[in-house]
Amino acid sequence: VTRPSVAESQPTPAAAASSSGLFLAGIAAVIVLDQLVKWAIVRTLPVYESLHVIPGMLDLTHVRNTGLAYGVLNDSALPYKGVLTTALALMALAGIALYARQLQAHERWARRGLMLILGGALGNLTDRIINGAGFTGGVTDFIDLHVWPVFNAADSAVVLGAIALVLLSARRDARDA
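Remember, predicted model here, so these are calculated numbers, not experimental data. (Residues numbered from 1 in each chain as written. Predicted model: local features only at pLDDT ≥ 70, side-chain atom pairs only at ≥ 80, totals over all residues. Heavy atoms only, no water.)

Caption draft 1: Summary view of the overall build of the chain. Looking only at helices and strands, the chain features 5 helices and 3 strands. Along the chain direction, N to C, the helices and strands of the chain fall in the order α-α-β-β-α-α-β-α. As displayed, the chain has an accessible area near 10,900 Å², and 69% of this comes from carbon and sulfur atoms. (Helix = DSSP H or I, 4+ residues; strand = E, 2+ residues; numbered from the N terminus. Areas by Shrake-Rupley, 256 points an atom, 1.4 Å probe, with all protein chains shown as cover.)

Here you go:
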């Protein structure tokens, strides 16, 4: 089997731009979808109220998460907790964005996983900013599976993106072994 040379495997500038455009559009789509769903929950379901979708298995429960992912630090009375959680979110986003910049255009599945992670993280950061200038507001959570802390669409995107990256990494490791 002959492998293409490095020059042959490099995308054209037009292909790279198109790939970057699709990557950014995907991130924007995740953010918009997340914000639309949260908007609908906030407008139709009072805080701490539940709507039974599949009794005993799935409810829509409107809660405010002022902590980190899945309610970590939610009940904490740390001074400047909002500043801390927003700063941590920004640092995580910066690290993810730096990693995303290193990916090549042909690494489609890794780019899709990072697209979901970045879109979800930015969706939750957007929620923090909308709900209190990033310092006092929380994130709207609403998916209640009864066996896990209540979460939202952005959290789902982050988890699905992370799973995609882990599976891709495991596949690469198996192939390289």
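Continuing now.
Caption draft 2: Here's a closer look at the sheet that holds strand S1 (residues 50-54). Strands sit in the order S1-S2-S3 across an open sheet of 3 strands; the sheet is antiparallel. Either end of the sheet is taken by a strand with one partner, and the two such strands are S1 and strand S3 (139-144). The mean angle between the axes of side-by-side strands here comes to 30 degrees, regardless of whether they run parallel or antiparallel. Bridge count for strand S2 (residues 58-65) against S3 is 5 bridges, and the pairing is antiparallel. Note that in S3 the partner of Val63 across the bridge is Asp141. (Pairing = 2+ DSSP bridges. Axes fitted to C-alpha atoms, helices over the stretch in contact; angles between N-to-C directions.)

Caption draft 3: Expanded view of a nonpolar patch on the surface. Residues Leu51, Val53, Ile54 and Met57 make up a contiguous nonpolar surface patch of roughly 370 Å² in combined accessible area. Along the chain, the position of Val53 falls in strand S1. With a relative accessible area of 43%, Val53 lands in the partly exposed category. (Patch = residues over 30% accessible without salt bridge, like charges linked within 9 Å, V, L, I, M, F, W, Y side chains within 5 Å. Salt bridge = Lys/Arg side-chain N within 4 Å of Asp/Glu carboxyl O. Buried < 20%, exposed > 50% of the residue type's maximum accessible area, 1.4 Å probe, protein only.)

Caption draft 4: Representation of the pairing of S2. Here S1 pairs with S2 via 4 bridges, running antiparallel. Counterpart to His52 in the pairing with S2 is Asp59. Between S1 and S2, which pair antiparallel one after the other, the connecting turn spans 3 residues, and Gly56 there sits at a positive phi close to 80 degrees.

Caption draft 5: Looking closely at the pattern of salt bridges. Counted by the stated rule, this structure contains 2 salt bridges. The salt bridge partner of Asp34 is Lys38, with a shortest N-O separation of 2.8 Å. In this pair, Asp34 and Lys38 both sit in helix H2 (residues 13-44), 4 residues apart, roughly one turn of the helix. Between Asp127 and Lys38 there is a salt bridge, and its shortest N-O distance comes to 3.5 Å. Here the residue Asp127 occupies a position in helix H4 (residues 108-130), and Lys38 occupies one in helix H2, the gap between them amounting to 89 residues. Accessibility classification places Asp127 together with Lys38 in one group, the buried group. Each of Asp34, Lys38 and Asp127 takes part in a single network of salt bridges with overlapping partners.

Caption draft 6: Focus on unusual backbone geometry. Of note, Tyr48 is a non-glycine position whose phi angle comes to about 70 degrees, a positive value. Relative to the helices and strands, Tyr48 resides in the loop between H2 and S1. Judged by relative accessible area, Tyr48 falls into the exposed class, the value being 64%. In this structure, His146 takes a positive phi of about 70 degrees despite not being glycine. On the basis of relative accessibility, which here comes to 40%, the residue His146 falls in the partly exposed class.

Caption draft 7: Structural context of the environment of Glu107. Topologically, Glu107 is positioned in the loop between helix H3 (81-102) and H4. For Glu107, a relative accessible area of 16% corresponds to the buried category. Setting aside chain neighbours within four positions, we find Glu107 in contact with Gln102 and Arg172. (Contact = heavy atoms within 4.5 Å.)

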